[in-house]
Amino acid sequence: MTKTITLAQGNGGEENNELIKKVFYKAFKNEILERSEDAAVIGKWAMTTDSFTVSPLFFAGADIGKLAVCGTCNDLAMMGAQPKYLTCSVIIEEGFEVESLERIVESMRAELAINGAVVVSGDTKVVPKGSVDKIFINTTGLGEIAREGISSNNISEADVILINRDIGCHGATIFAAREGMQMSSALKSDCNSLYPQVKALIDAGVRITAMRDATRGGVAAVLNEWARQSNVCIEVDEEKIPVSREVQGICEMLGFEATALANEGTFVLALPRESAPQALEILRTFEVCAMASMVGEVTQKHPQRVILKSAWGTSRFMETPSGELLPRIC
Ligand code: MG
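Residues numbered from 1 in each chain as written. Predicted model: local features only at pLDDT ≥ 70, side-chain atom pairs only at ≥ 80, totals over all residues. Heavy atoms only, no water.

**Student:** Please set out helix 6 (residues 218–229) residue by residue, giving values where relevant.
**Tutor:** Along its 12 residues, helix 6 runs 17 Å from first to last C-alpha, staying within 8% of the 16 Å computed at 1.5 Å per residue. When you tally the buried positions in helix 6, you get nine out of 12 residues, the bulk of the element. Along its buried surface, helix 6 packs onto strand 8 (159–163), strand 9 (210–213), strand 10 (233–237), strand 11 (267–272) and strand 13 (306–309). Trailing helix 6 by a residue or two, Asn-231 shows a phi angle of about 55°, which is positive. (Helix = DSSP H or I, 4+ residues; strand = E, 2+ residues; numbered from the N terminus. Expected span 1.5 Å × (residues − 1). Buried < 20%, exposed > 50% of the residue type's maximum accessible area, 1.4 Å probe, protein only. Contact = heavy atoms within 4.5 Å.)

**Student:** How would you summarise the nonpolar core if you had to cite specific residues and measurements?
**Tutor:** Counting 32 residues, the largest nonpolar core has Ile-161, Leu-223, Trp-226, Ile-234, Val-236, Val-247 and Val-268 as the members making the most contacts within it. Residue assignment for this core shows that the elements contributing at least two residues are strand 8, helix 4 (169–179), helix 6, strand 10, helix 7 (245–254), strand 11, strand 12 (293–299) and strand 13. With six residues, helix 6 is the single largest residue contributor to this core. Those residues in contact with Leu-223 that sit more than four places away from it in its chain are Ile-161, Ile-234, Val-236, Val-268, Val-306 and Met-318. Counting residues in each nonpolar core, the second largest holds 29 residues, with Val-54, Ala-62, Leu-112 and Leu-326 among its members. (Core = buried A, V, L, I, M, F, W, Y, C linked by side-chain atoms within 4.5 Å.)

**Student:** Just give me the short version of the environment of Glu-94, but keep the residues and values in it.
**Tutor:** Position of Glu-94 among the secondary structure elements: in the loop between strand 5 (81–93) and helix 3 (98–115). Overall, the relative accessible area of 44% leaves Glu-94 in the partly exposed class. Separated by 93 residues in sequence, Glu-94 and Met-1 have C-alpha atoms that sit 35 Å apart. If sequence neighbours within four positions are ignored, Glu-94 has contacts with Val-126, Val-127, Pro-128 and Lys-129. At 3.0 Å, the side chain of Glu-94 and the backbone nitrogen of Lys-129 are in polar contact. (Polar contact = N/O pair within 3.5 Å; in protein donor to acceptor, adjacent residues only side chain to side chain.)

In structure tokens:
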């Protein structure tokens, strides 16, 4: 590992994993942490925390406030838990406009209501100009588990892999905003609360093996984490991965892979093959999930690896993203 921290170590990919393992897991080692789930499961409760540093603060489809509630609530939802109680800690730079702060907090309020969650504790710090860039937010969340046994460590060859919607919108939107690119109005962040979709699946009795929201590192990071955690091979059909025309355009222009772009309302689902048609039917009742798709299957061909199969019959490994992807994406 490098002697000083690099931006790549916050990328949600390879270098980030190494930092977490060699510094944090080494010091904090315990059974719950080592399960490496989206949220820790403690009895009937799921618990998670996340900090938000996105730049710009306001972007097409959402802002840092909506993101700060979705990010934490979605990690709870991914464990089959209903988001209930959140904390909200802010670090604000001296000189930040109160009007912007009020807009951000209003976004948080609206998104909490969608989840049925409330903020029950918080902290405000103001630091001198230049000590932080405008505002950083941390939220910690507690969710009540509605479906037990969901785990990224239990994926088997009986499972197939689904994605709930078209991928890469958040990463592409933030990139376009930062570069000052004039994009079509159809491109906006997918930032969205996932609990309503998860609740619909649970209420219908759909069997679920694992769920993970594809945030930093994108779908490629999730699939590689799963292949390693469950010691399986995940084989994905490239043409079945849903990508919108707008995101595809940005990827081609800039040489990105849509599978490495960050999302904030997109999740990957592993579930028994026979449950897949029902799950897709339920997901597609949500407007944003029109492109929900079964993208692959679980095998033992190359345990701990992800294979991407092209429409022309060729295949290659899909790697965990690495390098300075896009700092301050969330
Ligand atoms: Mg997550």
